[in-house]
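Structural description and commentary
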Amino acid sequence: MLAIAGCSASDGTTAQDKPTGTAERAPSADCSRFDYARCIALSPTERMRGVWLSGFERSSFLAGAEAVPNGPDRYGNAVWVDFAPDVAVDPTLRAEMDRMGGTVAVAIEFDGRRSRDAGRYGHMGVADHVVVIDRIRSAHILGRIASD
């Protein structure tokens, strides 16, 4: 997997240039990769629920959604989904998502932190925010997103 975007903010500053705020950061974070949990200021942990869209070069979150999205909201690039280093999707669920291929909609409830500041997150910097998932409470597949 090739990571093109870094952890710098849209103004070009990095986490080391900004006050720590509520985010905890390791002193030697490698901010040249997608390491949002250690590279950017994050809000305090909260429980979130919605739909996670996962596919090739896509990992986005639609807060509050409950079904496979239709129309212009189906891609949901506004919030990128990332996982804390010690968090992973259940292997059985991941295997089913991979078997389905394409972009898969997953109903998910988790404890996580949202980026404090808007920026350019995720693949090619297309997302305005990122959520870092610290604990998955529940997740189940809703279906595959139809391709255009």
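Structure report, in brief. (Residues numbered from 1 in each chain as written. Predicted model: local features only at pLDDT ≥ 70, side-chain atom pairs only at ≥ 80, totals over all residues. Heavy atoms only, no water.)

**Points about the pairing of strand 5 (residues 129-144)**
The test is simple: The criterion for strand pairing is that DSSP finds at least two bridges linking the strands in question. Strands are runs of DSSP state E lasting at least 2 residues, helices are runs of H or I lasting at least 4, and numbering of each runs from the N terminus.
Here strand 3 (residues 79-83) runs beside strand 5; their pairing, made up of 5 bridges, is parallel. Each bridged residue has a counterpart across the sheet, and for Trp 80 the counterpart in strand 5 is Val 130. Pairing of strand 4 (residues 104-114) with strand 5 involves 11 bridges; the strand directions are antiparallel. Looking across to strand 5, one finds that Arg 114 is bridged to Val 131.

**Quick word on the environment of Ala 118**
How we decide: Exposure categories follow from relative accessible area, calculated using a 1.4 Å probe and restricted to protein chains: below 20% of the type maximum is buried, above 50% is exposed, and the middle band is partly exposed.
Mapped onto the elements of the fold, Ala 118 is located in the loop between strand 4 and strand 5. Overall, Ala 118 belongs to the exposed group, its relative accessible area being 51%. Sequence separation between Ala 118 and Val 79 is 39 residues, and the spatial gap between their C-alpha atoms is 9.8 Å.

**A short note on helix 2 (residues 91-100)**
Applicable threshold: For this analysis, a polar contact is any N or O atom pair within 3.5 Å, provided that within protein one partner can donate a hydrogen and the other can accept it, and provided that sequence-adjacent residues contribute only side-chain to side-chain pairs.
With a side-chain oxygen positioned 3.1 Å from the backbone nitrogen of Thr 92, the residue opening helix 2 is Asp 90. Backbone geometry just after helix 2 places Gly 101 at a positive phi near 70°.

**Overview of the nonpolar core**
Here is the rule: Working definition of a nonpolar core: buried Ala, Val, Leu, Ile, Met, Phe, Trp, Tyr and Cys residues. They are joined through side-chain atoms within 4.5 Å.
In terms of nonpolar packing, the biggest core is built from 26 residues, with Tyr 36, Ile 40, Trp 52, Phe 61, Phe 110, Tyr 121 and Val 131 touching the most fellow members. Of all the secondary structure elements, the ones that give two or more residues to this core are helix 1 (36-39), strand 1 (46-55), strand 3, helix 2, strand 4 and strand 5. Of all hydrophobic cores here, the second largest spans 5 residues; its members include Val 51, Leu 62, Ala 105 and Ile 145.

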